[in-house]
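Architecture at a glance
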Amino acid sequence: MSIQISKTVPNTTVTRDLRELDKKTDNIYESIVIVSKRANQIAVDMKEELNSKLAEFATTNDNLEEVFENREQIEISKHYERLPKPTLIAVDEFLNGKVYFRNPVAEKEEE
């Protein structure tokens, strides 16, 4: 499983208009909770993906004298360091309608 990151996701912090974040929920706090939960999901997926790729290079020998730098392992780590942070990816997904969410409490009140 690979994380799909849009080309429009910035690598650095971006100032956001709060009115854009609360358009879909009419509540800025609810929007922030949705984004934070999605960011946590993305972070877990990215960590699992990185660990699985790095596990290929794991050695079973615990001898400190035989520890050496593995060029591929370093390149994989650098690639993940250059990716946008999970929060930036989650905000982009939320603003572009790529996140499914629902509020069971609000659904019960409507019935």
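Residues numbered from 1 in each chain as written. Predicted model: local features only at pLDDT ≥ 70, side-chain atom pairs only at ≥ 80, totals over all residues. Heavy atoms only, no water.

Our working definition: UniProt positions are given in the numbering used here, feature names are shortened, and annotations may be inferred rather than shown by experiment.
Going by what an unreviewed UniProt entry lists, the protein chain is known as DNA-directed RNA polymerase subunit omega and is assigned to Parapedobacter deserti. For the record of the protein chain, the UniProt heading Sequence similarities (unreviewed entry) holds the text "Belongs to the RNA polymerase subunit omega family."

1. Here's the deal with the packing of helix H2 (residues 28–55) against helix H3 (residues 71–82)
Relative orientation and spacing of two packed helices are given, respectively, by the angle between their axes and the distance between those axes. So the rule is basically this: Think of each axis as a best-fit line through the C-alpha atoms, taken over the contacting stretch in the case of a helix, with angles from 0 to 180 degrees between the N-to-C directions. For the purposes of this entry, the term helix denotes a DSSP run of H or I that reaches at least four residues, the term strand denotes a run of E that reaches at least two, and both are numbered from the N terminus. The cut-offs work like this: below 35 degrees is roughly parallel, past 145 is roughly antiparallel, 65 to 115 is roughly perpendicular, and the gaps in between are oblique. Note on contacts: a residue pair qualifies if any of its non-hydrogen atoms lie within 4.5 Å across the two residues. Each residue gets one label: Ala, Val, Leu, Ile, Met, Phe, Trp, Tyr, Cys and Pro are nonpolar, Asp, Glu, Lys and Arg are charged, and the others, such as Gly, are polar.
Taken N-terminus to C-terminus, the directions of H2 and H3 make an angle of 170 degrees; their axes are 10 Å apart at the nearest point. The angle between H2 and H3 places the two elements in the roughly antiparallel class. Between H2, through Met46, Glu49, Leu50, Lys53 and Leu54, and H3, the contact on the second element is made entirely by Gln73, Ile76, Ser77 and Tyr80. Tallied by class, the residues present in the contact of H2 with H3 amount to 5 nonpolar, 2 polar and 2 charged.

2. Examining the packing of H2 against helix H4 (residues 86–95)
Selection criterion: Should the near helix be turned anticlockwise from the far one by less than a right angle, the crossing is left-handed, and should it be turned clockwise, the crossing is right-handed.
In the contact formed by H2 and H4, the axes pass within 8 Å of each other and the chain directions differ by 125 degrees. In terms of their interaxial angle, H2 and H4 are classed as oblique. By crossing handedness, the relation of H2 to H4 is classed as right-handed. Between H2 and H4, the residues in contact are Ser31, Ile34, Val35, Arg38, Ala39, Ile42, Ala43 and Met46 and Pro86, Thr87, Ile89, Ala90, Val91, Glu93 and Phe94, respectively. Its residues assigned to classes, the contact of H2 with H4 comprises 11 nonpolar, 2 polar and 2 charged.

3. Describing the environment of Gln73
Here is the rule: Exposure classes here rest on a 1.4 Å probe applied to the protein chains alone. A residue is buried below 20% of its type maximum, exposed above 50%, and partly exposed in between.
Structurally, the position occupied by Gln73 is in helix H3. The class for Gln73 is partly exposed, based on a relative accessible area of 28%. Residues Gln73 and Lys53 lie 20 residues apart in sequence; the distance between their C-alpha atoms is 8.3 Å. If we skip the residues at most four places from it in the chain, Gln73 touches Leu54 and Phe57.

4. Notes on the side chain of Ser31
Of note, Ser31 is situated in helix H2. Those residues in contact with Ser31, other than ones at most four positions away along the chain, are Leu21, Asp22, Thr25 and Phe94.

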